[in-house]
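# Reading the structure
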Amino acid sequence: MHAQVAIIGAGPSGLLLGQLLQRAGISNIIVENRSAEHVLGRIRAGVLEQGTVDLLDEAGVGARMHAEGLPHDGFELAFDGDRHRIDLRALTGGRGVMVYGQTEVTRDLMRARAAAGAATVYEAEQVSIEGIDTTAPCVRYLLNGRVHTLHCAFVAGCDGFHGISRQSVPTAAIRTFERVYPFGWLGVLSDTPPVSDELIYAAHARGFALCSMRSRTRSRYYVQVPLDERVEDWSDARFWDELRTRLDAHAAASLVTGMSIEKSIAPLRSFVAEPMRFGRLFLAGDAAHIVPPTGAKGLNLAASDVRYLSRALIEFHRTGDTTELDAYSARALRRVWKAERFSWWMTTLLHRFPDAGGFGQRIQQAELDYLIGSVAARTALAENYVGLPFDD
Ligand code: FAS
Ligand code: PHB
């Protein structure tokens, strides 16, 4: 088999890159080690920056997002029993975010890829990459007991944090930076109406909580839990009680509870691998970086990488010029690190750290008080939350 670009991973990064390349006439094949159903079954991000919305429109997959997604103009911070609105549109000169689940983004991209007749190999086993330091790399995989070789000009490693792309780079060629947080997020999805029209980020002595949504009839909630918590120890009733405890009185009284249709605990980490390019291998999305979900940046950073990488591959395909490809890693990392900073800052602002001590808790309180009392501080928060500009 041959394609100009071999993409490893059929999550949002791989599918979005494949769609943009397909529309530019660049042949690509995606190799995914799970089934399409498994990929769609993952419950993850829920908030899209305007830049991500624009890129999905550019990829021709924005119709259902605009029809079913929820444009949001702000969100609320809850602490000390009160709620304080962050007016994104007023603070950023008219920008907001779109609430539309990653599952639906993935579904829209899968449908578009199938309609375009582009190839995705699901349930591939023993995927490996060879020759990234040559001009003729290849991806090998096992399917139905037979080894297949996909010859290509470039490999896009879109296979997430646990994928093989980053692992296939010689350790001497890559540098990683990591911070693991001493807690996780217990998330619940329920077919109940959201407690509020906008997201509520709550900082409480018992820990962080987040009230989000997928639609006007489907809610997504999270509470911070210690790292050693097990999801089987959390009944729905226990979850709802804990969430209520961490919300202000009005939200607690308004909360509509119901049966969870998904419940899971996700660890929180900040992680960056540098560089994001190794010869003919380019990393994008979670394969290269991870952020704590507090700032709603994970999926949006993946889209940001794909925006830069797709433009660079299209430029090379059309002109043979490698300038954009050579600039990819540094350009993507500049935006990655700013999103890492914001996600780290928002996580330290809103979560309870076991080792914070009295001084740390007072600093956190002062940060929150300063934030709600300063237009400058709220503007800084808002411009990061809606997404910083791309440096084209
Ligand atoms: P993904 O991990 O989504 O996709 C990688 C794909 O590669 C997967 O389909 C995987 O099966 C495949 N793959 C892996 N190894 C392979 C191999 N060897 N061969 C072939 N294929 C392979 N972001 C937010 O903005 N908000 C959130 O609330 C949020 N919650 C999250 C919760 C969890 C539990 C996790 C893990 C992430 C969360 N994220 C969140 C971040 C998440 O949305 C990612 O940023 C997003 O999935 C990134 O997309 P990809 O880069 O495509 O990686
Ligand atoms: C979500 O809806 O899953 C979500 C929203 C905002 C975040 C994190 C997760 O910051």
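This is a predicted model, so every value here is computed, not measured. (Residues numbered from 1 in each chain as written. Chains lettered and ligands numbered in written order. Predicted model: local features only at pLDDT ≥ 70, side-chain atom pairs only at ≥ 80, totals over all residues. Heavy atoms only, no water.)

## Concerning the overall build of the protein chain
This is how it is decided: Numbering goes from the N terminus for both helices and strands, where a helix is a DSSP run of H or I of at least four residues and a strand is a run of E of at least two. For a compact globule the rule gives 2.2 Å times the number of residues to the power 0.38, and the radius of gyration it is set against comes from C-alpha atoms. Think of it in three bands: with a 1.4 Å probe and only protein chains considered, a residue is buried below 20% of the maximum accessible area for its type, exposed above 50%, and partly exposed in between. Residues count as neighbours in contact if any of their non-hydrogen atoms are within 4.5 Å of one another. In this description, accessible areas are obtained by the Shrake-Rupley approach with a 1.4 Å probe, and a residue is regarded as covered only by the protein chains that are shown. Here Asp and Glu are counted as negative and Lys and Arg as positive; His is not counted, and neither are the chain ends. Positions of charges follow a simple convention, taking NZ of Lys, CZ of Arg, CG of Asp or CD of Glu.
A tally of helices and strands in the protein chain yields 12 helices and 20 strands. Relative to the 2.2 N^0.38 estimate, which gives 21 Å for 392 residues, the radius of gyration of the protein chain is 21 Å and therefore close to what a compact globule would have. Projected onto its principal axes, the C-alpha positions of the protein chain cover 60 × 40 × 40 Å. For the protein chain, with 392 residues in total, the buried portion stands at 55%. Within the protein chain, counting contacts between residues at least 6 apart in sequence, those at least 24 apart form 71% of the total. Looking at the protein chain as shown, the accessible area adds up to about 16,400 Å², and 51% of this sits on carbon and sulfur atoms. Of the charged side chains in the protein chain, 42 are positive and 46 negative; the average position of the first set lies 1 Å away from that of the second.

## Description of the sheet that holds strand β10 (residues 138-143)
In plain terms, the rule: By this definition, two strands are paired if DSSP reports at least two bridges between them. Between N-to-C directions, angles cover 0 to 180 degrees, with each direction set by a line fitted to C-alpha atoms, over the stretch in contact for helices.
Sheet architecture is open: 3 strands sit in the order β9-β10-β11, paired in antiparallel fashion. One side of each edge strand has no neighbouring strand; the edge strands of this open sheet are β9 (125-130) and β11 (146-151). Recorded for the sheet is a direction-independent mean angle of 20° between the axes of neighbouring strands. Note that β9 and β10 share 4 bridges and pair antiparallel. From the neighbouring strand, serine 128 faces β10, where its bridge partner is arginine 140.

## So, the environment of tyrosine 201
Turning to its location among the elements, tyrosine 201 is positioned in strand β14 (residues 200-202). Measuring from C-alpha to C-alpha, the distance between tyrosine 201 and phenylalanine 75 comes to 7.8 Å, with 126 residues separating the pair along the chain. What tyrosine 201 contacts, discounting residues up to four positions off in sequence, is Phe75, Glu76, Leu77, Ala78, Phe208, Ala209, Leu210, Thr294, Ala296, Met346, Leu350 and Tyr385.

## Here's the deal with the packing of helix α9 (residues 298-319) against helix α10 (residues 323-350)
Definition in use: For this classification, under 35 degrees means roughly parallel, over 145 means roughly antiparallel, 65 to 115 means roughly perpendicular, and everything else is oblique. Under the scheme applied, nonpolar residues are Ala, Val, Leu, Ile, Met, Phe, Trp, Tyr, Cys and Pro; charged residues are Asp, Glu, Lys and Arg; polar residues are all the others, including Gly.
Relative orientation of the contacting elements α9 and α10 amounts to 170°, with a least axis distance of 9 Å. Relative to α10, α9 is oriented roughly antiparallel. Within the contact between the two elements, α9 uses Leu301, Ser304, Asp305, Tyr308, Leu309, Ala312, Leu313, Glu315 and Phe316 and α10 uses Glu324, Leu325, Tyr328, Arg331, Ala332, Arg335, Val336 and Ala339. For the contact of α9 with α10, the residue count by class is 11 nonpolar, 1 polar and 5 charged.

## Re the site of ligand 1
How we decide: What makes a residue near a molecule or strand is one non-hydrogen atom of that residue sitting within 4 Å of it. Throughout this description, a polar contact denotes any pair of N or O atoms lying within 3.5 Å of each other; where both atoms belong to protein, one of them has to be capable of donating a hydrogen while the other can accept it, and for residues adjacent in sequence the pair is counted only when both atoms sit in side chains.
Around ligand 1 sit 29 residues in total, of which Ser13, Glu32, Arg42, Arg44 and Gln102 are the nearest. At 2.7 Å, a side-chain N or O of serine 13 approaches an oxygen atom of ligand 1. Surface burial for ligand 1 is 84%, taken as the share of its 990 Å² of free accessible area covered by protein chains. For the shell around ligand 1, the secondary-structure elements that each account for two or more residues are α1 (12-23) and α9. Here the residues of the shell around ligand 1 sort into 13 nonpolar, 9 polar and 7 charged.

## So, the sheet that holds strand β17 (residues 260-274)
Pairing within the open sheet is mixed, and its 8 strands lie in the order β6-β5-β14-β15-β16-β13-β17-β20. Each edge of the sheet is formed by a strand with only one pairing partner; in this case those strands are β6 (82-87) and β20 (289-290).

## Side note on the site of ligand 2
Residues in close proximity to ligand 2 total 14 residues, the closest being Tyr201, Ser212, Arg214, Tyr222 and Pro293. A distance of 2.8 Å separates an oxygen atom of ligand 2 from a polar atom in the side chain of tyrosine 201. Contact distances for ligand 2 include 2.7 Å between an oxygen atom and a side-chain N or O atom of arginine 214. The set of elements that each furnish at least two residues to the shell around ligand 2 consists of β15 (209-213) and β16 (219-226). Counted by class, the shell around ligand 2 contains 8 nonpolar, 3 polar and 3 charged residues.

## Things to note about the pattern of salt bridges
How we decide: Here, a salt bridge means any side-chain nitrogen of Lys or Arg that lies within 4 Å of a carboxyl oxygen of Asp or Glu.
Going through the model one piece at a time under the given rule, you end up with 26 salt bridges. Where arginine 311 meets glutamate 58, a salt bridge forms, and the shortest distance between an N and an O atom there is 3.1 Å. Residue arginine 311 is found in helix α9, and its partner glutamate 58 is found in helix α3 (residues 50-58); the two are separated by 253 residues along the sequence. A salt bridge links aspartate 391 to arginine 334, with the shortest nitrogen-to-oxygen separation between them at 3.0 Å.

## A few points about the pairing of strand β13 (residues 175-190)
Relative to β17, β13 runs antiparallel, the two sharing 13 bridges. Its bridge partner lying in β17, valine 180 is registered against arginine 269. One ladder, built from 8 bridges, connects β13 with β16; its direction is antiparallel. For valine 188, the partnering residue across the bridge sits in β16 and is tyrosine 221.

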